[in-house]
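A look at the structure
Take a look at the letters that make up each chain.
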Amino acid sequence: MPVIGMDEATRAAVGRQLDVMHTMPYAQALARAASMTDQDLARSIGHCRLDVAMAVSDHIPTRPDARASVFGLAGAALKGRTVADPDDVIRDLLRMPNRMADAVLFFHRERSDGTQPARYAILADRRGPDGRPIIDDEIRERLLEQIESRRRPTRIEAELRAAAAVADDPQIAQAIADRRLKPDKDDDLDFRRFAPDWEALLAKAESHPRPNHARELLARRADLPADIRATLEAIHPAAHWLVPRPDIEAVRRALAGVEPTTPADRFALGVLLRRGLAGGSLDAAEVVATMRPVTALLAFLAPTRHLWHDRLALRPLAFPDDARRWLAATVREEAEAVLAPVLSQDPAAWAWFLHRAMTWPGTLTELAAEMARDAAGNAGPPPVGFPRRSLGGAGDVGVADGSRDGLGITGSEGAGEAGVVAGSRDGLGIADPEGAGEAGVVAGSRDGLGTVDSEGAGGAGAADGSREDLRTADPAVAGGAGVADDSRDDLCTMDPDDAGEAGAAAGSREDLRTADPIAVVALLMPRPIFASTLAAHLEGWDPAAVEDVTRLLSREPLLPVLAELALGPQGTPAMRFKLAGNLGADLAMLWRIAAWDPAEPRALSAIYQHPDATYQLRTGVVIRSYSAGGPHPSLLRLLESRVPGTKALTRLLASSDSAIASDATALHAALQAVLGAVDLGHLLLGYAALAAAAGPEPVWALELERVGSLARAIPEVRASMAAGSAAPLRAAADPTRIPTAS
């Protein structure tokens, strides 16, 4: 619980007590939670920056003294702020004997996907030794007041009445009958009930209007009996990927059902492994010994920034970035331990591993054993450079021609075998489009990663109608803003001409890229060995070899050696463009590309859209673009779209930067781009700066263009025209006239 009067530093320190548990083994985090008092746990939940770790949400329902921490965990689960599926956390709280969470769960007033199932449990599903529902007297009394009320119900009152319809209680049932209430009922809630009839529920899923959606609601439940899960997985292979706490046998079943050779399958497998590792049901050694093919393991070792959100059938499984990196590091240590006896510092052994790992169908342990046997038998001269096939076009990385999502999934007919729900656009077992709203994917989104349309923006942390939080173009201008044509992937910006180069089929709806296996092996290599491999690959600077390296620069993890090559004298404009669009590029790299002489408009456009680009960098990109002869068409369309270009250009007009104030070309272009939308305060500041840099005449022309006639021109411009001077414009430039909302 938040503590009134606690300063910011203390709140952060209290919250960090839970945040650090994301980077601990599950057993250690469980012990740390057990060592904290109930009050300390409650305070930490109230002030933690990250979602509540699995070990904490597992521990609190088992504490005999849990009181305040129960309230805190219930609130976090209702807000979706637990790494474990919030429904499972709520069910664990409802199983507690002290029923401390009942009032919080029942009367929660904010919109929450988990509140109504909890109310159903309290009113009908959770029963005592006598077989009767366990309903608190206060809850019964307040619910009866709501039922008997004659006023038009608010949202929460309507929800309470709907919950009352399922109550197994004579008083409540009689009140419902007396009022003749027939509340709407959500059929999906049956699949989230506290203690359902599993056989009946499985049968209901088969007759559901959207059977795959209903099956996934069942598959994601941690309390699903083993025999029901086995039947479900036989009917619906995608259920393999939705096990909430997979053990090694669950991973083997998933691998037996689908070979993870496409990015979508590797992504889904990575989600499954993270759930098991974070929840203590898997350990890193088991993962290394079991995961196949080797490319799937390599993809897991370096999580990319393209994959911010892992998803179950309904909700995001919000692994914080720190936890994602830590889980990958624990598996990487085990992988390095397996490889060390075979590879060591031997360049020839690393060359063989780099090439064989790209096509090896088995596990890393099996590959290491095979390489040891080959080394003993003298396998011959090692290959030179990087593998060429894996750097090829779409067909070479398992992306099928005609794929809907660039993930190697050819259509809904084959979705069952691929572990993908029929009709799903994202290949992750997320429900079909009709259920997108309930599945945590906002209606209209094509990528299943939490990108939103304008109506859903508020709930997703983005301003209504704005994509600025993602630093990407509006779909209306996506084709020219560096996003692949017909793409709705707001997380992966690509130029239409480069869609093939990036390994996605033309017309792809999503470029859901996991880590590039070659880049991961390169990171594992000793740096001198990688440098010699790169030099051998680029020997003679064959165009195809240069193109291979250019493609690697567009993929994660970003290799520092390749970044320095792109930023050095041998780097090409294409290399710098790919580097500018790589989410692994840091701010220093972006500034170096922005300052490149001569300016490279296409790279500048990519920098502007980079999620790490600061306001200062974006302003510099706009100035540099205009000063170099005009922005790249993709950047120009983005700026003109006002999503989010106008805001940046408007602020540019009020900048005190001398470089901006003296650049008449940039000022004129910025004013022209926002002429019809800018407020008077910014307009006068821009007019004054342009008049100081180029004289008043360009200002007069712009004002006439803006209003259409001299009679409608603002008084300050008319005064400047009458005097033939810029003085009236300078006098009118007053920052206090800028609206405060700007």
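This text gives an overview of the structure that appears in the document.

What counts as what
Residues numbered from 1 in each chain as written. Predicted model: local features only at pLDDT ≥ 70, side-chain atom pairs only at ≥ 80, totals over all residues. Heavy atoms only, no water. Helix = DSSP H or I, 4+ residues; strand = E, 2+ residues; numbered from the N terminus. Buried < 20%, exposed > 50% of the residue type's maximum accessible area, 1.4 Å probe, protein only. Contact = heavy atoms within 4.5 Å. Areas by Shrake-Rupley, 256 points an atom, 1.4 Å probe, with all protein chains shown as cover. Arc of directions from axis to C-beta. Axes fitted to C-alpha atoms, helices over the stretch in contact; angles between N-to-C directions. Parallel < 35°, antiparallel > 145°, perpendicular 65-115°, else oblique. Left-handed = near helix turned anticlockwise from the far one by under 90°. Nonpolar A, V, L, I, M, F, W, Y, C, P; charged D, E, K, R; others polar. Patch = residues over 30% accessible without salt bridge, like charges linked within 9 Å, V, L, I, M, F, W, Y side chains within 5 Å. Salt bridge = Lys/Arg side-chain N within 4 Å of Asp/Glu carboxyl O. Lys, Arg positive; Asp, Glu negative; His and termini not counted. Charge placed at Lys NZ, Arg CZ, Asp CG, Glu CD. Core = buried A, V, L, I, M, F, W, Y, C linked by side-chain atoms within 4.5 Å. Phe/Tyr/Trp six-rings, centres within 6.5 Å; stacked < 30°, edge-to-face > 60°. Lys NZ or Arg CZ within 6 Å of the ring centre and 35° of its normal.

A word on the overall build of the chain. Within the chain, the regular secondary structure consists of 37 helices and two strands. By the burial criterion, 56% of the 742 residues in the chain qualify as buried. By sequence separation, contacts in the chain at least 24 residues apart represent 66% of the contacts at least 6 residues apart. Summing over all exposed atoms, the chain offers an accessible surface of approximately 30100 Å²; the carbon and sulfur share of this is 53%.

Now for helix α36 (residues 715–723). Inspection of α36 places E716, V717 and S720 among the buried residues, and these make up the whole buried set. Around the axis of α36, the buried residues are gathered within 100° of arc, so they sit on the same side. α36 presents P715 and A722 as exposed residues on the side facing more than 90 degrees away from its buried surface. Residues of α36 that are buried make contact with α34 (680–694), α35 (697–707) and α37 (727–732). Positive phi shows up at G724, right after α36, with a value of about 65°.

Attention now moves to the packing of helix α24 (residues 543–553) against helix α26 (residues 573–581). For the pair α24 and α26, the least separation of the axes is 8 Å and the interaxial angle reads 20°. One way to sum up the angle between α24 and α26 is to call them roughly parallel. Where α24 crosses over α26, the two elements pack in a sense that is right-handed. Between α24 and α26, the contacting residues are V546, V549, T550 and L553 on the first element and A574, M575, K578 and L579 on the second. Of the residues assigned to the contact of α24 with α26, the class counts are six nonpolar, one polar and one charged.

All right, on to a negative patch on the surface then. A cluster of acidic residues, E141, E145, E148 and D178, forms a negative patch on the protein surface. Per-element accounting of the negative patch gives the leading share, three residues, to helix α9 (residues 137–148). Topologically, D178 is positioned in helix α11 (residues 170–179).

Going through the model one piece at a time under the given rule, you end up with 34 salt bridges. In this structure, D85 engages R220 in a salt bridge whose closest nitrogen and oxygen atoms are separated by 1.9 Å. Of this pair, D85 sits in the loop between α5 (68–78) and α6 (86–94) while R220 sits in the loop between α13 (211–219) and α14 (226–235), placing them 135 residues apart in sequence. Each of the two residues, D85 as well as R220, counts as buried. One salt bridge in this structure joins R737 and E716, with 3.5 Å as the shortest N-O distance. Note that R737 is positioned in the segment after α37 and E716 in helix α36, a separation of 21 residues in sequence.

Another point: the nonpolar core. Counting residues in hydrophobic clusters, the biggest one holds 150 residues, and the most contacted among them are F353 and L579. Sequence-distant contacts of L579, defined by excluding residues within four places in its chain, comprise L553, L558, A563, A566, L567, A585, M589 and I593. Counting 21 residues, the second-largest nonpolar core is a separate cluster that includes L667, L683, L684 and L702.

On to the packing of aromatic side chains, then. Pairs of aromatic rings are described using the distance from one ring centre to the other and the angle between the two planes. Applying the stated criterion across every chain, the model contains three aromatic pairs. Plain terms: the ring middles of F106 and F107 are 5.0 Å apart, the flat faces sit at 70° to each other, and that makes the pair edge-to-face. No difference in accessibility class separates F106 from F107, as the two residues are buried. R142 extends its terminal NZ or CZ atom over the ring of F107, reaching a point 3.7 Å from the ring centre. The ring of F577 has R602 lying over it, and the distance from NZ or CZ to the ring centre is 3.9 Å.

Interaxial distance between helix α33 (residues 664–674) and α34 falls to 9 Å at its minimum, and their mutual angle equals 150°. Considered as vectors, α33 and α34 are oriented roughly antiparallel to each other. Crossing handedness for the pair α33 and α34: left-handed. Contacts between α33 and α34 involve A664, L667, H668 and L671 from the first element and L683, G686, Y687, A689, L690, A693 and A694 from the second. Of the residues assigned to the contact of α33 with α34, the class counts are nine nonpolar, two polar and no charged.

That bond from R292 to P293 is cis: its omega, -10°, falls within 30 degrees of zero. Within the secondary structure, P293 is located in the loop between α17 (284–290) and α18 (294–301). In this structure, the amide linkage connecting D597 to the following residue, P598, adopts the cis form with an omega of 5°. Tracing the backbone through its elements, the reader meets P598 in the loop between α27 (587–594) and α28 (601–608). Positive phi, close to 55°, is recorded for R99, a residue that is not glycine. Mapped onto the secondary structure, R99 falls in the loop between α6 and α7 (102–106).

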